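# Residue-level structural notes
Here is what each chain is made of, one letter per residue.
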Amino acid sequence: MIGYYNYSVILTYFGLSTSIVGMFQAFRGNLKFAVLCLMISGICDMFDGTIARKCKRTEDEKSFGIQIDSLCDLICFGAFPAIIVFNFMEDIESFNFWLTMVCITFYVLAAVIRLGYFNVSEINRTANEGGKRLYYEGLPVTSVSLLLPLFIVCDLLLTKGWFIRFYNIGLLIIGLLFISKLKIKKPYFKGLLIVSLIGAIVFTLVVIFGGEFNG
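A brief structural summary. Keep in mind that this is a model prediction, so the values were computed, not measured.

## Some points on the overall build of the protein
Counting its secondary structure elements, the protein contains 7 helices and 2 strands. Each helix (α) and strand (β) of the protein, taken in turn from the N terminus, gives the series α-α-α-α-β-α-α-β-α. Expressed as a percentage of the 215 residues in the protein, the buried residues total 43%. Looking at the protein alone, contacts between residues at least 24 apart form 83% of all its contacts between residues at least 6 apart. A total accessible area of about 11,600 Å² is found for the protein, and carbon and sulfur atoms account for 70% of it.

## Here we look at helix 2 (residues 31-53)
Taking 1.5 Å as the rise per residue, helix 2 with 23 residues should run 33 Å; its terminal C-alpha atoms sit 34 Å apart, in good agreement. The largest bend in helix 2 amounts to roughly 30° and is located at Phe-47.

## Digging into the packing of aromatic side chains
Counted according to the given criterion, the structure contains 1 aromatic pair. With 5.4 Å between their ring centres and 45° between their planes, Tyr-107 and Phe-178 make a pair best called tilted. Separated by 71 residues along the polypeptide, Tyr-107 in helix 4 (residues 97-128) and Phe-178 in helix 6 (residues 166-178) bring together distant segments of the chain. With a relative accessible area of 0%, Tyr-107 lands in the buried category. The class of Phe-178 is buried, set by a relative accessible area of 1%.

## Considering the packing of helix 3 (residues 59-90) against helix 5 (residues 144-158)
Running from N to C, helix 3 and helix 5 point in directions that differ by 10°, and their axes come no closer than 11 Å. When the interaxial angle is binned, helix 3 and helix 5 end up roughly parallel. On the side of helix 3, the interface is formed by Phe-77, Pro-81, Ile-84, Val-85 and Phe-88, while helix 5 contributes Val-144, Ser-145, Leu-148 and Ile-152. Classifying every residue of the contact of helix 3 with helix 5 by side-chain character gives 8 nonpolar, 1 polar and no charged.

## Description of empty space enclosed by the protein
Where empty space is left can be seen by rolling a probe of water-molecule size over the atoms. Under the counting rule described, the total for this entry stands at 2 cavities of 30 Å³ or more. Size it by volume and the largest cavity reaches roughly 50 Å³. Thr-12, Gly-15, Leu-16, Ser-41, Cys-44, Asp-45, Asp-48, Cys-72, Asp-73, Cys-76 and Phe-77 together form the lining of the largest cavity. Going through the elements one at a time, helix 1 (10-27), helix 2 and helix 3 are the ones with two or more residues in the lining of the largest cavity. For the lining of the largest cavity, a count of residues per class yields 5 nonpolar, 3 polar and 3 charged. Taken together, Tyr-4, Asn-6, Ser-8, Val-9, Arg-57, Glu-61 and Phe-64 make up the lining of the second largest cavity.

## Brief notes about the side chain of Asp-69
As for its position among the elements, Asp-69 is in helix 3. According to the relative accessible area criterion, Asp-69 is buried, its value standing at 18%. Among all residues touching Asp-69, those that are not within four sequence positions of it are Thr-12, Asp-45 and Asp-48.

The rules we used
- Residues numbered from 1 in each chain as written.
- Predicted model: local features only at pLDDT ≥ 70, side-chain atom pairs only at ≥ 80, totals over all residues.
- Heavy atoms only, no water.
- Helix = DSSP H or I, 4+ residues; strand = E, 2+ residues; numbered from the N terminus.
- Buried < 20%, exposed > 50% of the residue type's maximum accessible area, 1.4 Å probe, protein only.
- Contact = heavy atoms within 4.5 Å.
- Areas by Shrake-Rupley, 256 points an atom, 1.4 Å probe, with all protein chains shown as cover.
- Expected span 1.5 Å × (residues − 1).
- Bend = angle between axes of the 7 residues up to and from the residue.
- Phe/Tyr/Trp six-rings, centres within 6.5 Å; stacked < 30°, edge-to-face > 60°.
- Axes fitted to C-alpha atoms, helices over the stretch in contact; angles between N-to-C directions.
- Parallel < 35°, antiparallel > 145°, perpendicular 65-115°, else oblique.
- Nonpolar A, V, L, I, M, F, W, Y, C, P; charged D, E, K, R; others polar.
- 1 Å grid on protein atoms, 1.4 Å probe; cavity = no way out; pocket = protein on both sides within 12 Å on 5 of 7 lines; lining within 4 Å.
- Points joined across faces, edges and corners; volume = space filled by probe spheres on them.

Structure (structure tokens):
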């Protein structure tokens, strides 16, 4: 079989599998479960790099890891959030098809551009500098796994019946941040703990208010 197989890609593939399950759940109207799958995929992506760095890899395996991570990210944090938002919007009386399509299309395009740019810059950085990346340029795509559920919870609590929705316009804002030149410090141990704590709170809110997702 072609490809490179070692434990460095286990979490990446698990996160991808979770997102695919979540997509099917979104299409079936089980939006609460879909959002939880998105958050689980985000957790997997947070820690797959840590596992990969502990694995002894050839240069080809490292390059493969960069490519496979971005390809999976495009599905998990590009296509999957778009599917969730579209299915949410379809269930809302104030649903505006064209506004939603513009927001979703721009978001996915921004995710593609960001991931392509990241691949080029990461390969060059690894070849010239090595070591850990200290800063992200622009908002990482993984952040949508935390931001989108937060937008959805806010939307359910604050904007019922409104024409403009948090998770509709939210995707547009996130897409802009993907391709911005904003510098964000990459979180490691302490930072990951803080992000995980925030994620646990949002996860709990999704579980509590999930009964309203289809209403």
